[in-house]
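# Structural overview for review
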Amino acid sequence: SNQKGMIFMLKILLIPNTDRFLEKVNSCSGDVVLHLPDQSTCSLKNDRIAAQMLRMMDVNKNGLTLSLTNPSDYSIMLDYMVNAA
């Protein structure tokens, strides 16, 4: 299967522990892109300000929309979502 150029999007509705979530983000081999309400995006992996912003957001209100640039990172995020509760 040709997955080149595919973007995997996730919606995360609950982040009980932001530090643990960001550890998962940093363990991803590709980039983890945060989609903001104003339609802009930022890298949670390469942009320290984005990570700080995430700490201040009320994620549980609207959830987060993320894109993964590497399909193999999907399992890392899925593991976080399954075990976060």
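Before reading on, note that the structure itself is shown above.
Okay, so let's go over this structure. Residue numbers restart at each chain and count upward from 1, following the sequence in its written direction. In view of the model being predicted, local features appear only for residues whose pLDDT reaches at least 70, and side-chain atom pairs are presented and counted only at 80 or more, with totals across whole chains, interfaces and linings using the full set of residues. Excluded from the side-chain calculations are hydrogens and water; all other atoms, namely the structure's heavy atoms, are used.

## A look at the overall build of the protein chain
Across its full length, the protein chain holds four helices and four strands. Reading the secondary structure of the protein chain in the N-to-C direction produces β-α-β-β-α-α-β-α. Here the C-alpha atoms of the protein chain give a radius of gyration of 12 Å, agreeing with the 12 Å that 2.2 N^0.38 yields for 85 residues. Each of the three principal axes of the protein chain carries a C-alpha extent, and together these read 40 × 30 × 20 Å. Burial analysis of the protein chain (85 residues in total) assigns 36% to the buried set. Expressed as a percentage of contacts within the protein chain between residues at least 6 apart in sequence, the contacts between residues at least 24 apart total 68%. Per-residue and other accessible areas were derived by the Shrake-Rupley procedure at a 1.4 Å probe size, with only the shown protein chains allowed to occlude residues. Surface exposure of the protein chain reaches about 5,400 Å², of which carbon and sulfur atoms provide 51%. Only four residue types enter the charge count, namely Lys and Arg as positive and Asp and Glu as negative; His and the chain termini do not. Charged groups are reduced to one reference atom each: NZ for lysine, CZ for arginine, CG for aspartic acid, CD for glutamic acid. Computed over 8 positive and 8 negative side-chain charges, the separation of the two mean positions in the protein chain equals 2 Å. Only DSSP runs of H or I reaching four residues or more are called helices, and only runs of E reaching two or more are called strands; each is numbered from the N terminus. Based on C-alpha atoms, the radius of gyration is set beside the globule rule, defined as 2.2 Å times the residue count to the power 0.38. Burial classification: accessible surface area is computed with a 1.4 Å probe over protein chains only, and a residue below 20% of its type maximum counts as buried, one above 50% as exposed, and the rest as partly exposed. Working rule for contacts: check all heavy atoms of both residues, and any pair within 4.5 Å makes them a contact.

## Focus on the side chain of aspartate 31
Here aspartate 31 lies in the loop between α1 (18-27) and β2 (32-35). No salt bridge forms around the buried aspartate 31; measuring N to O, its nearest opposite-charge neighbour lysine 45 is 6.5 Å away. Side-chain polar atoms of aspartate 31 contact the side chain of serine 43, separated by 2.7 Å. When a carboxyl oxygen of Asp or Glu is within 4 Å of a side-chain nitrogen of Lys or Arg, the pair counts as a salt bridge. Definition of a polar contact: a pair of N or O atoms within 3.5 Å, with one able to donate and the other able to accept a hydrogen when the atoms are protein atoms, and with sequence-neighbouring residues admitted only if both atoms are side-chain atoms.

## Let's talk about the sheet that holds strand β1 (residues 8-12)
One bridge is not enough; two strands pair if DSSP finds at least two bridges between them. Across the sheet, four strands lie side by side as β1-β4-β2-β3; this open sheet has antiparallel pairing. The open sheet is flanked by β1 and β3 (41-43), the only strands paired with a single partner. Neighbour to neighbour, the strand axes of the sheet diverge by 30° on average, direction disregarded. Across the sheet, helix α4 (residues 74-84) touches β1 and β4 (64-68), and the angle it forms with β1 is around 10°. Lines are fitted to the C-alpha atoms to define the axes, a helix being fitted only along its stretch in contact, and any angle between axes, read from their N-to-C directions, falls within 0 to 180 degrees.

## Observations concerning α4
Turning to α4, its buried residues are Met77, Tyr80 and Ala84. Viewed along the axis of α4, the buried residues span an arc of 55°, placing them on a single side of the element. Residues of α4 that are buried make contact with β1, α1 and β4. Arc definition: it is the arc formed by the directions from the helix axis to the C-beta atoms.

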